[in-house]
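Here is how the chains run, residue by residue.
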Amino acid sequence: MDHVEIKDNVGHAAISCKSDPTEPQWTRESGFVMERISFHHNYIHDIATEGFYIGYNNYENPGPAGHAHQIHDLEVYDNIVDKTQWDGIQVGCTTSNGKVYRNTVTNFGLQGNSNQDNGMIFGTGVIDMEVYGNYIETGTSSSIGILYHGNGNLDLYNNVIINPGNRGIALSVNSARSDVPSNPYLNVHHNTVVVLSNNIGINSFVPTLDTDGVTKKAHNNAVVYGNGQSCVSGFAGSDSTGNACNQGSVPASWKLNSDYIPASGSALAAAGVTGTGVTRDYNCQTRPSPPTIGAFEVNSTPTCLVNPVPTPTATPTPSTSAASSSLSAIQLLLAMAAALFVVT
């Protein structure tokens, strides 16, 4: 689903993608899997609940007919989500090859419901997920920029989170989990987090996964955190290196511009540790060795290739009027497919 505008909806999420476990054929026990799902280049705004609601909200506890089905091969990218009363993007039950990237999520959690007010939330059952290159800004007092409740194997990098309201990034796995992968990991690298309230920058609280031998790492994050709080907490010392931290405000030495991109001479430049596996920055520029701390390299400019337009080629003129008419119909269908639909 792409190039759709949804606004001013009432009663439910702007985009919902799931089958509730109310009938046997839609349950995990039946073997049903929803797969190859893609949402991109949509404009979602002024929404009564969530912007995106993908997957059932509880992987562990059964519904009336069984457990919620899994989602495989999910991509959510290049969407704009603004002014949601609840979460901007909610993803659950995605257990294989999930990617959420290059989305802009702003003004979320406007209703102030502390259980439904995050920029992005990844619920129970989420495994094998990449979250990168997202810009998240302005929540309410209890909002978290990115909240992760999943089961392991998370790569969260190159995100920019500004004034989320509460914490910037929180990994919170505090109840029993099924289907935990072998040797689960949680990687949080190269994010720029600016918390303007008195709260933690990046926090990991995962006692359940800890018992499963989870590896948690947080390297090369640029974090502004609240007075009297922690910059990066819940990670072992050796697994939390290369982070730049400042309490209360962005320091002048970082030399960040209005887009939070460091200028030449920034204290963040070439100050990160190597070995994170993050080879490009938020703008897809190659990271040198050692890399710059945070989501951007110094003086970074956009180089990501987003939906490239193919080079036009000449089309031979049909020899008959019938062929000409057929070609016009095809061109019309293509034009209709490229149009932006508005749903209110």
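Thresholds, definitions, all that
Residues numbered from 1 in each chain as written. Predicted model: local features only at pLDDT ≥ 70, side-chain atom pairs only at ≥ 80, totals over all residues. Heavy atoms only, no water. Helix = DSSP H or I, 4+ residues; strand = E, 2+ residues; numbered from the N terminus. Buried < 20%, exposed > 50% of the residue type's maximum accessible area, 1.4 Å probe, protein only. Polar contact = N/O pair within 3.5 Å; in protein donor to acceptor, adjacent residues only side chain to side chain. Contact = heavy atoms within 4.5 Å. Disulfide = S-S within 2.5 Å. Phe/Tyr/Trp six-rings, centres within 6.5 Å; stacked < 30°, edge-to-face > 60°. Lys NZ or Arg CZ within 6 Å of the ring centre and 35° of its normal. Pairing = 2+ DSSP bridges. Axes fitted to C-alpha atoms, helices over the stretch in contact; angles between N-to-C directions. Salt bridge = Lys/Arg side-chain N within 4 Å of Asp/Glu carboxyl O.

*Asks:* Where do I start with the side chain of asparagine 166 in this structure?
*Replies:* As for its placement among the helices and strands, asparagine 166 is situated in the loop between β16 (160–162) and β17 (169–172). In this structure asparagine 166 comes out as buried when scored by relative accessible area, which is 16%. In terms of polar contacts, asparagine 166 uses its side chain to reach the side chain of arginine 167, at 3.4 Å. Those residues within four positions of asparagine 166 in sequence are excluded, and the remaining contacts are Thr140, Ser141, Ser142, Ser143, Ile144, Val195, Ser197, Asn199 and Ile200.

*Asks:* Explain the state of the cysteines here, please?
*Replies:* Two cysteines whose sulfur atoms are joined by a covalent bond form what is called a disulfide. All chains considered together, the criterion is met by 2 disulfides. Note that cysteine 231 is cross-linked by a disulfide to cysteine 245, the S-S spacing being 2.0 Å. Between cysteine 231 and cysteine 245, the disulfide has an S-S torsion of -75 degrees and is therefore left-handed. Here cysteine 245 lies in strand β24 (residues 244–247) and cysteine 231 lies in the loop between β22 (222–225) and β23 (232–233), a separation of 14 residues in the sequence. The exposure class of cysteine 231 is buried, given its relative accessible area of 9%.

*Asks:* Got a minute to help me understand the packing of aromatic side chains in this structure?
*Replies:* Aromatic ring pairs: the centre-centre distance and the angle between the two ring planes describe each pair. Applying the stated criterion across every chain yields a total of 6 aromatic pairs. For the ring pair tryptophan 26 and phenylalanine 32, a centre distance of 5.2 Å and an interplane angle of 75 degrees mean the geometry is edge-to-face. Classification of phenylalanine 32 as partly exposed rests on a relative accessible area of 24%. Among the aromatic residues, those joined into a cluster by ring pairs are Tyr77, Tyr101, Tyr132 and Tyr157. One residue, lysine 18, lies across the ring of tyrosine 53, its end atom 5.0 Å from the ring centre. The side chain of arginine 28 reaches across the aromatic face of tyrosine 59, ending 3.7 Å from its centre.

*Asks:* Mind showing me how you'd approach the sheet that holds strand β3 (residues 33–40) here?
*Replies:* Either a parallel or an antiparallel arrangement is found when strands of a sheet pair, and the pairing is made through backbone hydrogen bonds. Spatially, the 7 strands line up as an open sheet ordered β3-β6-β9-β12-β15-β18-β21, and their pairing is parallel. Edge positions in the sheet fall to β3 and β21 (215–219), since each has one partner strand and no second. Each strand axis lies, on average, 5 degrees off the axis of its neighbour in the sheet, ignoring direction. Pairing of strand β12 (residues 127–132) with strand β15 (residues 152–157) involves 5 bridges; the strand directions are parallel. Each bridged residue has a counterpart across the sheet, and for valine 131 the counterpart in β15 is leucine 156.

*Asks:* Whenever I open this one, the pattern of salt bridges confuses me. Can you help?
*Replies:* It is possible for side chains of opposite charge to pair when their charged atoms get near one another. Counted according to the given criterion, the structure contains 7 salt bridges. When the shortest N-O distance is used, the salt bridge between arginine 36 and glutamate 35 registers 3.6 Å. When its relative accessible area of 36% is taken as the criterion, glutamate 35 is described as partly exposed. Between glutamate 297 and arginine 287 there is a salt bridge; the shortest N-O distance is 2.7 Å. In this pair, glutamate 297 is assigned in the loop between β24 and α2 (321–338) and arginine 287 in the loop between β24 and α2, connecting sequence segments 10 residues apart. The exposure class of arginine 287 is buried, given its relative accessible area of 8%.

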